[in-house]
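Structural overview for review
Listed here are the chains, written in short residue letters.
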Amino acid sequence: MSEKSQRILVVEDDLAILTGLSMNLRIEGYEVLQAQDGRTGLAKAMDEAPDLMVLDIMLPELNGYELLKELRRRGRDTPVVMLSAKGQEMDKILGLNLGADDYVAKPFGLQELLARIKAVLRRRYPLTGTPPVTFGDVEVELVSRTVSRAGKPVELTAQEFKLLAHFLAHPGRTFTREELLSGAWGFDYEGSARTVDNFVRQLRLKFEPDPEDPRHFLTVRGLGYRFDR
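As recorded by an unreviewed UniProt entry, the protein carries the name Alkaline phosphatase synthesis transcriptional regulatory protein PhoP and is attributed to Hyalangium minutum.

So, in structure tokens, the structure goes:
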């Protein structure tokens, strides 16, 4: 892979699934492209050259099988993970025979789908050294999920790392507490503003030169929080 963030095109007509999956892919560090019908998905696959496509089968305009067949006919070998409520063996065989790399049936577990996406990407694009993300004296390795400050390792909980990765993916953007709950905890998580405040406080304690006068994890009065490098 190049040093650029891997880009995933999600083609899904169910807006709730499209939004939730896209949000969680961004948390994992991917750049996400979206389409809600087959013709738009095909156009984006041809024009944007994503590193992987998550492709629903039951789509308007062109269904997933038709899209995949046309994509391969045009010579594109974009890795494809098919996503559909259809779970019959023949449906899976058809998708794989058309050139899909994997097939996940709905309802699916989010972590399983993310793991399958990562596995396909590893097979197609072996990592040759993704550079760390840096701010101040902090280095964050998104692939290995390791963090150091001034050369010394920093221990983070899984949820602290998710929140940190979410901020790193959107420098300069102001998030409400509700947006951070959705983005870093998941769209179906039921938490409170106090949860976000507590976790931001922990990130400040671990990474700010002066946690009481932060440089990176900033409070935006009346709105929420912003991360600046």
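Turning to the overall build of the protein, a few remarks are in order. For the protein, the count of helices and strands is 8 helices and 12 strands. A compact globule built from 229 residues would reach a C-alpha radius of gyration of about 17 Å, and the protein, at 19 Å, matches this within 12%. Its C-alpha atoms put the protein at 60 × 35 × 30 Å along the principal axes. When burial is assessed residue by residue, the protein has 45% of its 229 residues classed as buried. In the protein, once contacts between residues fewer than 6 apart in sequence are set aside, the share between residues at least 24 apart is 57%. Roughly 11900 Å² of accessible area belongs to the protein as shown, and the carbon and sulfur atoms make up 49% of that amount. Averaging the coordinates of the 32 positive side-chain charges in the protein and doing the same for the 35 negative ones gives two points 2 Å apart.

Now for the sheet that holds strand S4 (residues 80–84). Adjacent strands of a sheet form backbone hydrogen bonds with each other and so pair up, either parallel or antiparallel. Strand order across the open sheet formed by 5 strands is S2-S1-S3-S4-S5, with parallel pairing between neighbours. Every interior strand has two partners, whereas the edge strands, strand S2 (31–35) and strand S5 (102–105), have only one. For this sheet, the mean angle separating the axes of adjacent strands, direction not counted, is 20 degrees. Strands strand S1 (7–11), S2 and strand S3 (52–56) of the sheet are contacted by helix H1 (residues 15–27), whose axis makes an angle of about 165 degrees with S2. The sheet contacts of helix H3 (residues 64–73) involve S1, S3, S4 and S5, and relative to S3 the element is tilted by about 150 degrees.

Where strand S7 (residues 138–141) lies against strand S8 (residues 146–149), 4 bridges are found, and the strand directions are antiparallel. Note on S8: the bridge partner recorded for Val140 is Val147. If you look at the hairpin formed by S7 and S8, you'll find 4 residues sitting between the two strands, and Arg145 has a positive phi there, around 60 degrees. As defined by bridge partners, S8 adjoins strand S9 (residues 152–153) across 2 bridges and the pair is classed as antiparallel. Opposite Ser148, over in S9, you have Pro153 as the bridge partner. The antiparallel hairpin formed by S8 and S9 contains 2 residues in its connecting segment, where Ala150 sits at a positive phi of about 50 degrees.

Right, let's get into H1. Between the first and last C-alpha of H1 there are 18 Å, a value that for 13 residues agrees with the 18 Å anticipated at 1.5 Å per step. The N-cap of H1, judged by a side-chain oxygen 3.0 Å from the amide nitrogen of Ala16 a few residues on, is Asp14. Taken from the residues just after H1, Gly29 is the one with a positive phi, measuring 100 degrees.

As assigned here, the protein comprises domain 1 (7–124) and domain 2 (133–227). Domain 1 and domain 2 are separated by 30 Å when their C-alpha centres are compared. Summing both sides of the interface, domain 1 and domain 2 together bury roughly 700 Å²; the carbon and sulfur share of this comes to 61%. Summed over the shared surface of domain 1 and domain 2, the result is 1 salt bridge. One salt bridge connects Glu28 with Arg145, and the closest N-O pair in it is separated by 2.8 Å. Applying the counting criterion to the domain 1 and domain 2 interface returns 1 residue pair in polar contact (both at pLDDT 80 or more).

Thresholds applied
The numbering scheme is per chain: residues are counted from 1 as the chain's sequence reads. In keeping with the model being predicted, local features are shown solely for residues with a pLDDT of at least 70 and side-chain atom pairs are shown and tallied solely at 80 or more, while totals for entire chains, interfaces and linings include all residues. Side-chain metrics in this entry use all non-hydrogen atoms of the structure; hydrogen atoms and water are not considered. Numbering of helices and strands runs from the N terminus, with a helix taken as a DSSP run of H or I at least four residues long and a strand as a DSSP run of E at least two residues long. Both definitions apply: the radius of gyration is a C-alpha atom measure, and the globule rule equals 2.2 Å times residues to the power 0.38. Each residue's exposure class comes from its accessible area (1.4 Å probe, protein chains only) as a fraction of the maximum for that residue type: buried when under 20%, exposed when over 50%, partly exposed otherwise. What makes two residues a contact is simply this: any of their non-hydrogen atoms within 4.5 Å. Under the convention used here, a 1.4 Å probe and the Shrake-Rupley method define accessible areas, while residue burial counts only the protein chains that appear. Here Asp and Glu are counted as negative and Lys and Arg as positive; His is not counted, and neither are the chain ends. We put the charge of a Lys on NZ, of an Arg on CZ, of an Asp on CG and of a Glu on CD. In this analysis, strands are considered paired if DSSP registers two or more bridges between them. Lines fitted to C-alpha atoms define the axes here, with helix axes fitted over just the stretch in contact, and angles between the N-to-C directions of these axes take values from 0 to 180 degrees. Expected span, for any helix, means 1.5 Å times one less than how many residues it has. We define a polar contact as two N or O atoms separated by no more than 3.5 Å, with the added condition that, inside protein, one atom must be a possible hydrogen donor and the other a possible acceptor, whereas residues neighbouring each other in sequence contribute only through side-chain atom pairs. Note that the domain bounds were set by an automatic or database domain assignment. Summed over both partners, the accessible area lost on bringing two parts together, with a 1.4 Å probe, is the buried area. When a carboxyl oxygen of Asp or Glu lies within 4 Å of a side-chain nitrogen of Lys or Arg, that pair is called a salt bridge.

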